[in-house]
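# Fold and geometry: a report
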Protein chains: 2
Amino acid sequence: MGRVEKESEGKSFFEKVWTLVLHRGFIIPTAEIYGGIAGIYDFGPLGTLLAKKLVDLWRRFFVIGETNFPVYEINGSTILPYEVLVASGHVDSFVDPIVTCLKCKARMRADHLVEEALEIRVEGATVEELTRIIRENGLRCPNCGGDLSEVSLFNLMFKTEVGPLGGKTAFLRPETAQVIFIDFKKVFQVMRGKLPFGIAQIGKAYRNEISPRQGLIRLREFTQMEIEVFINPKEVNNHPGIEEVADSKFRILMRENQLKGGGAVEVTVREAVEKGIVPNAYMAYYLSKETEFFERIGIPRSKFYFRHMMPEETPFYSGGNFDLEVELSIGVKEVVGNAYRTDYDLRSHMKHSGEDLSVDVDGEKVVPEVVEPSFGVERIIYCILEHCYREDDGRGWSWFQFPPEIAPVTALILPLMKKEPLVSKAKELFKAARRSGIFVEYDDRGSIGKRYARADEIGVPVCVTVDYQTINDGTVTLRSRDTRKQVRVKAELVPKLLLDLSEGRMSLSDLEALQG
Amino acid sequence: MGRVEKESEGKSFFEKVWTLVLHRGFIIPTAEIYGGIAGIYDFGPLGTLLAKKLVDLWRRFFVIGETNFPVYEINGSTILPYEVLVASGHVDSFVDPIVTCLKCKARMRADHLVEEALEIRVEGATVEELTRIIRENGLRCPNCGGDLSEVSLFNLMFKTEVGPLGGKTAFLRPETAQVIFIDFKKVFQVMRGKLPFGIAQIGKAYRNEISPRQGLIRLREFTQMEIEVFINPKEVNNHPGIEEVADSKFRILMRENQLKGGGAVEVTVREAVEKGIVPNAYMAYYLSKETEFFERIGIPRSKFYFRHMMPEETPFYSGGNFDLEVELSIGVKEVVGNAYRTDYDLRSHMKHSGEDLSVDVDGEKVVPEVVEPSFGVERIIYCILEHCYREDDGRGWSWFQFPPEIAPVTALILPLMKKEPLVSKAKELFKAARRSGIFVEYDDRGSIGKRYARADEIGVPVCVTVDYQTINDGTVTLRSRDTRKQVRVKAELVPKLLLDLSEGRMSLSDLEALQG
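Definitions and cut-offs
The numbering scheme is per chain: residues are counted from 1 as the chain's sequence reads. Working convention: letters from A go to chains and numbers from 1 go to ligands, in the order in which they are written. pLDDT decides what is reported in this predicted model: residues at 70 or higher carry local features, side-chain atom pairs at 80 or more are listed and counted, and totals for whole chains, interfaces and linings draw on all residues regardless. Each side-chain value is worked out from all heavy atoms of the structure, with water and hydrogens disregarded. Our superposition of the copies is a least-squares fit, built on the C-alpha atoms of residues whose pLDDT is at least 70 in both. Here, two residues are considered to be in contact whenever any of their heavy atoms come within 4.5 Å of each other. At least two DSSP bridges between two strands are required for those strands to pair. Runs of E in the DSSP output that reach at least two residues are strands. Runs of H or I that reach at least four are helices, and both are numbered from the N terminus. To get an axis, a line is fitted to the C-alpha atoms, and for a helix only the part in contact is used. The angle between two axes follows their N-to-C directions and goes from 0 to 180 degrees. The labels follow the angle: roughly parallel below 35 degrees, roughly antiparallel above 145, roughly perpendicular from 65 to 115, and oblique for the rest. The handedness criterion is simple: a crossing whose near helix is rotated anticlockwise from the far helix by less than a right angle is left-handed, and one whose near helix is rotated clockwise is right-handed. Polar here means any residue other than Ala, Val, Leu, Ile, Met, Phe, Trp, Tyr, Cys and Pro, which are nonpolar, and Asp, Glu, Lys and Arg, which are charged; Gly is therefore polar. Residues forming no salt bridge and having over 30% relative accessible area are the ones grouped into patches, like charges within 9 Å of each other and nonpolar side chains (Val, Leu, Ile, Met, Phe, Trp, Tyr) within 5 Å. To measure how exposed things are, a 1.4 Å probe is used in the Shrake-Rupley method; for residues, cover is taken only from the protein chains shown. What counts as a salt bridge is simple: a side-chain nitrogen of Lys or Arg found within 4 Å of a carboxyl oxygen of Asp or Glu. Residue ranges labeled as domains rest on an automatic or database domain assignment. Note on terms: buried area is the combined drop in 1.4 Å-probe accessible area of two parts once they are placed together, counting the loss on both. Counting of polar contacts relies on pairs of N or O atoms within 3.5 Å, with two restrictions inside protein: one atom must be capable of donating a hydrogen and the other of accepting it, and residues adjacent in sequence are counted only when both atoms are side-chain atoms. Burial classes follow relative accessibility: with a 1.4 Å probe on protein chains only, a residue under 20% of its type's maximum area counts as buried, one over 50% as exposed, and anything between as partly exposed. Positive charges are assigned to Lys and Arg, negative charges to Asp and Glu, while His and the chain termini are left out of the count. To locate a charge, the coordinates of NZ of Lys, CZ of Arg, CG of Asp or CD of Glu are taken. Scored between 0 and 100, pLDDT is the confidence that the predictor attaches to each residue. In the cavity and pocket records, a cavity denotes points on a 1 Å grid over the protein atoms alone where a 1.4 Å probe fits but cannot get out, a pocket denotes an open set with protein on both sides within 12 Å along at least 5 of 7 lines, and lining residues are residues with an atom within 4 Å of a point. Grid points are joined across faces, edges and corners, and a volume is the space filled by probe spheres set on the points. Only a pair of cysteine sulfur atoms within 2.5 Å qualifies as a disulfide here. We call Phe, Tyr and Trp rings a pair once their centres come within 6.5 Å, taking the six-membered ring for Trp, and we label the pair stacked below 30 degrees between planes, edge-to-face above 60, and tilted otherwise. The rule for a charge over a ring is simple: NZ of Lys or CZ of Arg within 6 Å of the ring centre, and within 35 degrees of the ring normal.

## Looking at the relation of the copies chain A and chain B
Least-squares fitting of chain A to chain B yields an RMSD of 0.0 Å, with the superposition described by an axial translation of 0.0 Å and a rotation of 180°. What we have between these two chains is a two-fold relation. Considering only C-alpha atoms, the part of chain A nearest the rotation axis is T160 of chain A, at 2.7 Å. Most of the interface of chain A is mirrored in chain B, where 100% of its interface residues again form contacts.

## What about the sheet that holds strand β15 (residues 321–328) of chain A?
Residue and element names in this part refer to chain A. Taking strand neighbours across the sheet as the criterion, the nine strands line up as β3-β10-β11-β19-β16-β15-β14-β12-β13 in an open arrangement whose pairing is mixed. With partners counted over all chains shown, the strands left at the sheet margins are β3 (71–74) and β13 (265–268), one partner each. Strand-to-strand twist of the sheet, defined as the mean angle between neighbouring strand axes without regard to direction, takes the value 30°. For strand β12 (residues 249–253) and strand β14 (residues 304–308), the ladder comprises two bridges, and the chain directions are parallel. Each residue of the ladder has a partner; that of L253, found in β14, is R307. Here helix α8 (residues 177–190) sits on the sheet in contact with β3, β10 (197–206), β11 (221–231), β16 (331–342) and β19 (369–376), set at roughly 145° to β10.

## Comments concerning the packing of helix α6 (residues 110–118) of chain B against helix α7 (residues 127–136) of chain B
All names here are of chain B. Between α6 and α7, the least distance of the axes is 10 Å, while the angle of their chain directions is 40°. Here α6 is positioned oblique relative to α7, judged by the angle of their axes. The handedness of the crossing between α6 and α7 is left-handed. Mapping the contact onto sequence places A110, D111, L113, V114 and L118 in α6 and L130, I133 and I134 in α7. When its residues are assigned to classes, the contact of α6 with α7 shows seven nonpolar, no polar and one charged.

## A short note on the sheet that holds strand β9 (residues 168–172) of chain B
Hydrogen bonds between backbone atoms are what pair the strands of a sheet, whose relative direction is either parallel or antiparallel. All names here are of chain B. Pairing is antiparallel across the open sheet formed by three strands, whose spatial order is β4-β9-β8. Where the open sheet ends on each side, the last strands, each with one partner, are β4 (79–81) and β8 (159–162). Neighbouring strand axes in the sheet, compared pairwise and without regard to direction, differ in orientation by 45° on average.

## Regarding a nonpolar patch on the surface
Residues L416, M417, Y468 and I471 of chain A make up a contiguous nonpolar surface patch of roughly 320 Å² in combined accessible area. In this fold, Y468 of chain A is placed in helix α17 (residues 468–473).

## Quick notes on the domain arrangement of chain A
All names here are of chain A. Parsing chain A into structural domains produces domain 1 (66–76 + 176–387), domain 2 (95–155) and domain 3 (409–512). Inter-centroid distance (C-alpha atoms) of domain 1 to domain 2 is 32 Å. Contact with domain 1, which involves eight residues of that partner, is made by 11 residues of domain 2. Among the residues domain 1 hides against domain 2, the three largest losses belong to I210, R213 and E313. Together they make up 59% of the total. Seen at the junction of domain 1 and domain 2, the total is two salt bridges. Between R121 and E313 there is a salt bridge, with the nearest N and O atoms lying 3.4 Å from each other. Taken together, domain 1 and domain 2 are joined by one residue pair in polar contact (both at pLDDT 80 or more). Within the side of domain 1 that touches domain 2, the residues separate by chemical class into one nonpolar, two polar and five charged.

## A word on the pattern of salt bridges
All names here are of chain A. Counted according to the given criterion, the structure contains 82 salt bridges over all chains. Two residues, E441 and R434, come together in a salt bridge whose shortest N-O distance is 3.9 Å. Judged by its relative accessible area of 5%, R434 falls in the buried class. Among the charged side chains, a network of salt bridges with common partners joins R121, E123, R307, E313 and E325.

## Details of the interface of chain A and chain B
The partner chain B presents 80 residues to the 80 residues of chain A that form the contact. Buried area between chain A and chain B, summed over both chains or domains, comes out near 7,300 Å², and the portion from carbon and sulfur atoms is 61%. Per-residue buried area on chain A facing chain B is highest for I33, Y34 and R192 of chain A; these three make up 11% of the total on that side. Linking chain A with chain B are two salt bridges, by the criterion used here. A salt bridge links E32 of chain B to K186 of chain A, with the shortest nitrogen-to-oxygen separation between them at 3.1 Å. The residue inventory of the side of chain A that touches chain B, partitioned by class, reads 38 nonpolar, 17 polar and 25 charged.

## Some words on a positive patch on the surface
Positive charge collects at one region of the surface, where R192 and K194 of chain A together with K427 and R445 of chain B lie side by side. Here K194 of chain A lies in the loop between α8 and β10.

## A short note on the confidence of the model for chain A
All names here are of chain A. Here chain A averages 94 in pLDDT, while 98% of its residues score no lower than 70. Note that pLDDT drops below 50 for residues 1–7; the model gives that stretch 13 contacts with residues more than four away or on any other chain. The ipTM assigned to the predicted complex is 0.95, against a pTM of 0.96.

## Quick notes on the side chain of K186 of chain B
Along the chain, K186 of chain B turns up in helix α8 (residues 177–190). A polar contact of 3.1 Å, which involves the side chain of K186 of chain B, links it to the side chain of E32 of chain A. Sequence-distant contacts of K186 of chain B, that is, excluding residues within four places in its chain, are made with L22, I28 and E32 of chain A.

## Here we look at empty space enclosed by the protein
Left-over empty space is what a probe sized like a water molecule reveals as it rolls over the atoms. Taken as a whole, this structure holds three cavities of 30 Å³ or more when the rule is applied. By volume, the largest cavity amounts to about 830 Å³. Where the lining of the largest cavity is concerned, the elements lending two or more residues are α3 (45–62) and β10 of chain A together with α3 (45–62) and β10 (197–206) of chain B. When the residues that make up the lining of the largest cavity are grouped by side-chain class, the tally is 10 nonpolar, 10 polar and 12 charged. In this structure, the second largest cavity encloses a volume near 110 Å³. Lining of the second largest cavity is provided by 14 residues; of these, Y41, F43, K204, E221 and E378 of chain A occupy positions nearest its centre. Elements supplying a minimum of two residues to the lining of the second largest cavity: β2 (41–43) and β11 of chain A. Here the residues of the lining of the second largest cavity are counted per class, giving six nonpolar, four polar and four charged.

## Topic: the environment of G25 of chain A
Tracing the sequence through the fold places G25 of chain A in the loop between α2 (13–23) and β1 (27–29). In this structure, the C-alpha to C-alpha distance between G25 of chain A and G44 of chain A, residues 19 residues apart in sequence, is 5.2 Å. Sequence-distant contacts of G25 of chain A, defined by excluding residues within four places in its chain, comprise G44, P45, L46 and G47 of chain A together with V190 of chain B.

## Examining the pairing of β3 of chain A
Residues and elements named next belong to chain A. With burial as the criterion, each face of β3 is covered, one bearing V71 and E73 and the other bearing Y72 and I74. Examined bridge by bridge, β3 and β10 share four bridges and lie parallel to one another. Along β10, the bridge assignment pairs I74 with Q201.

## Focus: the packing of α8 of chain B against helix α13 (residues 344–353) of chain B
For any two helices packed against each other, the geometry is given by the interaxial angle and the distance between the axes. Residues and elements named next belong to chain B. Relative orientation of the contacting elements α8 and α13 amounts to 65°, with a least axis distance of 10 Å. When the axis of α8 is compared with that of α13, the two are roughly perpendicular. Note on packing geometry: the crossing formed by α8 with α13 is right-handed. Contact residues: Q178, F181, I182 and F184 in α8; D345, L346 and H349 in α13. For the contact of α8 with α13, the per-class residue count stands at four nonpolar, two polar and one charged.

## Some remarks on the state of the cysteines
All names here are of chain B. Following the criterion strictly, the structure yields zero disulfides over all chains and no others. Not part of a disulfide, C144 finds its nearest cysteine sulfur in C101, a span of 3.5 Å. With no disulfide of its own, C463 has C388 as its nearest cysteine by sulfur position, at a separation of 17 Å. Given the relative accessible area of 1%, C463 is considered buried.

## Here we look at the packing of aromatic side chains
Considering all chains together, one arrives at 66 aromatic pairs over all chains under this definition. Each ring, one from F293 of chain A and one from F294 of chain A, has its centre 6.0 Å from the other, and the planes form 70°; the classification is edge-to-face. Taken individually, F293 of chain A and F294 of chain A each receive the classification buried, so the pair is uniform in this respect. Residues F293 of chain B and F375 of chain B carry aromatic rings whose centres are separated by 6.1 Å and whose planes lie at 90° to one another, so their mutual orientation is edge-to-face. One end of the pair, F293 of chain B, is in helix α12 (residues 281–296); the other, F375 of chain B, is in strand β19 (residues 369–376), with 82 residues separating them in the sequence. The pair formed by F293 of chain B and F375 of chain B is uniform in burial state, with each residue classed as buried. Each residue in the set W58, F61, F62, Y285, Y286, F293, F294, F304 and F375 of chain A is aromatic and connected to the rest through ring pairs, giving one cluster. Taking NZ or CZ as reference, R479 of chain B lies 4.6 Å from the ring centre of Y452 of chain B, over its face.

Encoded structure:
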């Protein structure tokens, strides 16, 4: 840690967190030994564990835990044929404006260039408008000062070919959602569906970003957790579980406040629906559930809100989009998109495929409307890392205060010294915990203080120490990461305690209170 | 079900199982409403649940459950830069021989064409040899009888470009393993590794097969679960957990028996190592663990064995490959590959990247050797579906006898009739089970017999029925899928029982024995 501390001097908060994240191998740049590849990362051991905990909790919240209406998870192909992406509009419209430096040949996002150079917003501007702005303001290449080309459009999908020699054109899916739309009717039929009916999917999506940057924020390969909820268009304000959450609150940045420069306000689900702050009850339900979820994963409620996207940021067919935005050291970033996609996608696939995707509702055929919460896993992981990062509080090292429910490693099991019978006893405990399916680690290298420090650094909530008293009375020491307070409990209780901690039935304060 | 039964008349066993699999939406052909895309499938709701249970059990067995040495899971990028695949040999050697019909333009695997037409094996034959065999035997297009082109080589990787306009050539990874090799040194360092050291990965891999076929057996997009175990070359027979499994047995088809036409024989781990039947102790360890695993997921021990691959089927650098082959109605299929990859991959990446991938062992630098068990998820799913499929045993419907530990739906909760207070009580139980994280379903549509039948058809181990006695004494009926026997237990015990069933701590016979 001495090394990390030293390296962090004079760095921005982002650089400090990101350095530690790379240092501990939460994240590894893909093909690092070959110089890497921009915008593409691997999850290392701790990142994989953290992401798995996050995904499992999400499932418990939004899929298995959804008992108001059925939500089924599917896992679709990442390669999609050309026709699907034509129908979805991605072949025509999934494009970014690009400009090339005529001198150094660098390629960059034209809108970002303009926004950064002139501090104006140009969302929705055409290529002609962007070219004109660049010319009129005499903008030049920010790298070498060279002249810039005209602005053109670049499609962000990764293209490939399926089948030998001159095969079919296909793309890596730019979002998981399209697989859900094209499978909707089949899933609805085989599961004997009734509306409302949800389909969830967790998986990779791909965008060939022109300038990926900011670590995990803008990636070329990333992971989405999405749900499409299919609703009878006449029943969008009739959510079967709305009463349970009617008094729950969430923070929302309304359109008028964005224009006036005002901040987010807190509203209840009931108010949001009754006053038309959100377009329907399903949207309100998800904004409240997401608020609960984000607090559970360690992002303070004061640090995020939902922004009602302005008209120019919203697709023409949308009934309203609400982005969950989190305050980070690198600015406010969107990490969940909530979109009222109406019946646009299903109708478009009906038109292009010729298949009838409507369903029967009380003897009538309807094309369902869709509300979509879409979570970006890597961005959320970054939010967790930044918001759980703790600077030196007299410990001499920085550490991560992950909620135990999502901590990559639930406990470190250690013998006080590398001596028998302490080592055998500690290994026995380690194996018992692992058999219960809890990810714990065993460590007998270095002083006990160093081992506690290493545990803190990767956010391990509890250290379980086997000492000589263990041999006499069967108790072990539990050290809480947050307060460094220690309590003694019977060793045989440890696997159950760790399981409760790891599955959110117990907090670290509960654990600290176990004994005087 | 009447419909499925009727459709299954006159069909092969494969067709019957596959029809049911598609009918129940375990699997959905990708982009089916657009005519599909050969060799690419989506997991529907039941397939996703089944695959998730399989993957979780695998993790408990081979990753979290591995306490003899550290095994860390990583989750790497599916897009890999050109350089990585040059180093791995895939750019040059990941090719299949292809032949084109000059008349109908169909493209096909030249080796398969020859093997099927002449009933000979041509593994390892060059393109010149294949062309000669085709010419000498006057082979023609099996579709239209047309003349065939010369045989050429086709690279099976999906190619794409990263970055805008004339970006970097990249490929979808043809195996998850390469990500592990290129990340090895970093993971080893950040986790303060000691040999032996395992890195696991579960994720997608891609092969642009010339002629994908047989449902889930030869796919273009598929899922691998792999472990690379990095071992000190001097210690390959010194596996720290070998004693635990020394007397465990597995079935092996040795090379001499393949030549003589003999069958598989059963050996113990101890024998296999001592007699040199396998090249090292790690290989023996995995063959025995895999035997245990396959029995747990419902494949009878008599239906699979490990085949020692013949020299012409083995890469030149390999110290020995052993495929787990399962007997299926469509023939014997490889579903797990176990490869002694030696230090080939690490040395190759050292050479191409210029990075030192050796590690310190007792003051000495060594390049570790690697033993790799590699599981094909979709193929295993198909084995489970076929081996758990049960024909009519007097029930009037076909059903799946999934082990409860991997059953997609653990229980169906149902009110005897769609009446209060039965419905509320059943829904309460349903919600309690879902809160415990168990995937259960609620069903109140149709007669109780029909609902039991629907549960059987998708392999639900237990039906929990709430009836009028429930209201009086708080007990519910548990119906076992396998024997259709019913027992009554207290309703409040149900979530715990289902959890034990779903996590393998209880069998259906245990459950049937709960009460007279």
